[in-house]
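# Structure assessment
The primary structure of each chain is shown beneath.
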Amino acid sequence: MTLAELLPSVAASVQPRLAPGIWPTGTHPTPGGDLSFGGIPMTHLAGRFGTPCSLLDEAEVRSRARAFRAALPSAEVAFASKSLPCRSVLRWLAEEGLSLDVCSAGELAVARSIGFPAERIMMHGNVKTPEDLKAALSYRVGRIVIDSLDEIDALAALVAFPQPVLIRVTPGIDAHTHQAIATGVEDQKFGFSLASGAALVAIEKVLATPGLRLVGLHCHLGSQVRRIDGYEEATRRMVGLLARVRDEHQVVLDQLDLGGGFAAAYVDGDGEFDLPGFAHRVRATLGYECSAARLPVPRLTIEPGRSIVANAGVTLYRVITVKHGSRTFVAVDGGMSDNPRPALYGARYTARRIGRHGRAALRPATVVGRHCEAGDVLAEDIPLPEDIRAGDLLAVPGTGAYHYALASNYNMVCRPPLVGVCAGEARLLVRRETEEDVLARDLG
Ligand SMILES: Cc1ncc(COP(=O)(O)O)c(C=O)c1O
């Protein structure tokens, strides 16, 4: 028996603390069991915008962007727009001086629609269709990151002006993350292998292709990476390749892009990514390796996505039903259509009831969605008040990255709105999808 069960008054006060790093810094408990989000009670936001509803704290996004720029003042910080391709967010980050990574004509269209400076945009992607390449060229994006030999020919056939390009290299580094989001290892679809010599072949081909101007090399180890040693090793290997290009082709490339992947915190104990440690160790490695190879230090680019927006986001759900059995299932009005990450790669989340203080103890419960899949689980075996019931509100933190971007209409469920909150003001960034929106594409 827990202390909370023995003493109900203790249970009432045992509201789990807000785990540091998971919730936006502007989120605070308020009397009555609510949470204030950027100065507004979450229950008010749920009442005004309905549920499910994704909230985004603008101040948190901006301060995380600033932290990257402050940690690496001489580097270029390019936001990976795939993590949250929302116009307002791109506008905030343009104002913060960030560059942008896009990987399709669609992501570029979002950037273009707000006039994101073209010279600060990079286009990535293992498949760039002719439409993607034409869109990139017509907006005159700063760099295109070449990912295949076919792409070199395709791009060369389209360019009207010398186009700066980087080559995406697969450095053969295990970043110790989930297989589905590990992209630096050999034997996968992204980039040119360093070990097999494919990267050098691609470099040679680009150097011999009129219309393409090779300016640097790129790699990306994967996503949700916590360990810094992988980035250090990538730096060593990439500088080694820069030196080979200099030795074999008498070309000194002045840009090195190490990609993104810096981990976000999703559950208690995850902790923050060690950004100062990363900045210090990568800068030191880069300086040392370049001096040993007698190369000028290239301009460094990094491409954070989730580490800027994940922990600025919270999603609000309404509990629709609770089933007690071998486990307690708390079923909510959203699910894998607004958050497929647990089903895709076992991502873990936590949740907190908001809006009422009970006297109940916390018990393990599994938060599930409304979709017709047994794998539609949002948060497994997390502590929730044992008196949780239909009508309660749940707040799930860490939902700012790859939620809006990955959301679907599975079961013809309409996608939730995205609400930006700043200094006590809330504003719809993306409205809720309607059945008319969904039906509009089906021509009958
Ligand atoms: C090339 C590239 N850069 C950056 C990122 C951003 O990764 P994250 O959001 O984990 O920082 C990705 C994500 O897949 C990527 O593919």
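Cut-off values and rules
Residues numbered from 1 in each chain as written. Predicted model: local features only at pLDDT ≥ 70, side-chain atom pairs only at ≥ 80, totals over all residues. Heavy atoms only, no water. Buried < 20%, exposed > 50% of the residue type's maximum accessible area, 1.4 Å probe, protein only. Helix = DSSP H or I, 4+ residues; strand = E, 2+ residues; numbered from the N terminus. Arc of directions from axis to C-beta. Pairing = 2+ DSSP bridges. Phe/Tyr/Trp six-rings, centres within 6.5 Å; stacked < 30°, edge-to-face > 60°. Lys NZ or Arg CZ within 6 Å of the ring centre and 35° of its normal. Core = buried A, V, L, I, M, F, W, Y, C linked by side-chain atoms within 4.5 Å. Domains from an automatic or database assignment. Contact = heavy atoms within 4.5 Å. Polar contact = N/O pair within 3.5 Å; in protein donor to acceptor, adjacent residues only side chain to side chain. Buried area = accessible area lost by both parts, 1.4 Å probe. Salt bridge = Lys/Arg side-chain N within 4 Å of Asp/Glu carboxyl O. Nonpolar A, V, L, I, M, F, W, Y, C, P; charged D, E, K, R; others polar. Near = heavy atom within 4 Å. Disulfide = S-S within 2.5 Å.

## Thoughts on helix α8 (residues 149–158)
- Those residues of α8 that sit buried are Glu151, Ile152 and Leu155. Buried residues of α8, seen end-on, are gathered within an arc of 105° and therefore sit on one face of the element. Turned more than 90 degrees away from the buried face of α8, the exposed residues are Asp150 and Ala157.

## Description of the pairing of strand β2 (residues 34–37)
- By the alternation rule, side chains of β2 split into Asp34 and Ser36 and Leu35 and Phe37, which are all buried.
- Note: strand β1 (residues 27–30) against β2, 4 bridges, orientation antiparallel. Within the sheet, the bridge partner assigned to histidine 28 lies in β2 and is serine 36.
- Connecting β1 to the antiparallel partner β2 that follows it, the hairpin turn spans 3 residues, and glycine 32 within it adopts a positive phi of roughly 90°.
- The turn joining β2 and strand β3 (residues 40–41), which pair antiparallel and follow one another in sequence, is formed by 2 residues; a positive phi near 55° is taken by glycine 38.

## Quick look at the packing of aromatic side chains
- In total, this model carries 7 aromatic pairs according to the counting rule given.
- Taking 5.9 Å as the distance between ring centres and 55° as the angle between the ring planes, the aromatic pair formed by phenylalanine 273 and phenylalanine 278 counts as tilted. Both residues of the pair, phenylalanine 273 and phenylalanine 278, count as buried.
- Among the aromatic residues, those joined into a cluster by ring pairs are Phe68, Tyr231, Phe262, Phe273 and Phe278.
- Above the ring of phenylalanine 161, the side-chain terminus of arginine 140 is found at 3.9 Å from the ring centroid.

## Observations concerning the nonpolar core
- Membership of the largest hydrophobic core comes to 106 residues, with the highest contact counts inside it found for Phe79, Ile167, Leu217 and Phe278.
- Looking at this core, the element that brings in the most residues is helix α10 (residues 229–249), giving 8 residues.
- Viewed by domain, this core spans two of them, domain 1 (3–57 + 311–440) and domain 2 (58–306), each represented by three or more residues.
- Sequence-distant contacts of isoleucine 167, defined by excluding residues within four places in its chain, comprise Val145, Ile146, Phe192, Ala202, Ile203, Val206, Leu214, Gly216, Leu217 and His218.
- With 22 residues, the next largest nonpolar core counts Leu18, Leu45, Phe49 and Ile354 among its residues.

## So, helix α6 (residues 105–113)
- Among all positions of α6, only Glu107, Leu108, Val110 and Ala111 are buried. Summarising the axial view, the buried residues of α6 lie within an arc of 155°, below the 170-degree limit, and thus occupy one face.
- Buried residues along α6 sit in contact with α5 (87–95), β6 (99–102), β7 (121–123) and α7 (130–138).
- The N-terminus of α6 is capped by serine 104, whose side-chain oxygen sits 3.2 Å from the backbone nitrogen of glycine 106.
- Of the residues trailing α6, glycine 115 is marked for its positive phi of about 70°.

## Remarks on the sheet that holds β3
- Pairing is antiparallel across the open sheet formed by 3 strands, whose spatial order is β1-β2-β3. If you trace the sheet from one side to the other, it starts and ends with β1 and β3, each paired once.
- Sheet topology note: the β2/β3 ladder contains 2 bridges and is antiparallel. Residue pairing for β3: serine 36 is matched across the bridge by proline 41.

## Examining the domain arrangement of the protein chain
- Each domain of the protein chain was delimited in the assignment, giving domain 1 (3–57 + 311–440) and domain 2 (58–306).
- On the domain 2 side, the residues contacting the 28 residues of domain 1 number 23 residues.
- Carbon and sulfur atoms make up 58% of the area that domain 1 and domain 2 hide from each other, which totals about 2,300 Å².
- Ranking the residues of domain 1 by area buried against domain 2 places Asn311, Tyr345 and Tyr402 at the top, with a combined share of 26%.
- Across the contact surface, domain 1 and domain 2 share 0 salt bridges.
- Here the side of domain 1 that touches domain 2 is built from residues that sort into 16 nonpolar, 7 polar and 5 charged.

## Side note on the site of the ligand
- Around the ligand, a shell composed of 16 residues is seen, among which Ser223, Gly261, Glu303, Arg306 and Tyr402 lie nearest.
- Note that an oxygen atom of the ligand is positioned 2.2 Å from one of the side-chain N or O atoms of serine 223.
- Interatomic distance of 2.8 Å between a backbone N/O atom of glycine 261 and an oxygen atom of the ligand.

## So, the side chain of asparagine 339
- Locating asparagine 339 in the fold gives a position in the loop between β15 (328–332) and α13 (341–345).
- Within the structure, the side chain of asparagine 339 is placed 3.1 Å from the backbone nitrogen of arginine 341, a separation counted as a polar contact.
- When near neighbours in sequence (up to four residues on either side) are disregarded, asparagine 339 contacts Tyr317, Tyr349, Leu378 and His403.

## Quick word on the environment of arginine 348
- Within the fold, arginine 348 resides in the loop between α13 and β16 (352–354).
- Exposure remark for arginine 348: the relative accessible area of 57% places this residue in the exposed category.
- For arginine 348, the contacting residues outside a window of four places in its chain are Tyr266 and Val267.

## A word on the state of the cysteines
- Per the stated rule, a full pass over the model turns up 0 disulfides.
- Residue cysteine 86 stays outside any disulfide, its sulfur separated by 13 Å from that of cysteine 53, the closest cysteine.
- Residue classification places cysteine 86 among the buried residues on the basis of a relative accessible area of 2%.
- Cysteine 372 carries a free sulfur, and the closest cysteine sulfur to it, the one in cysteine 414, is 15 Å from it.

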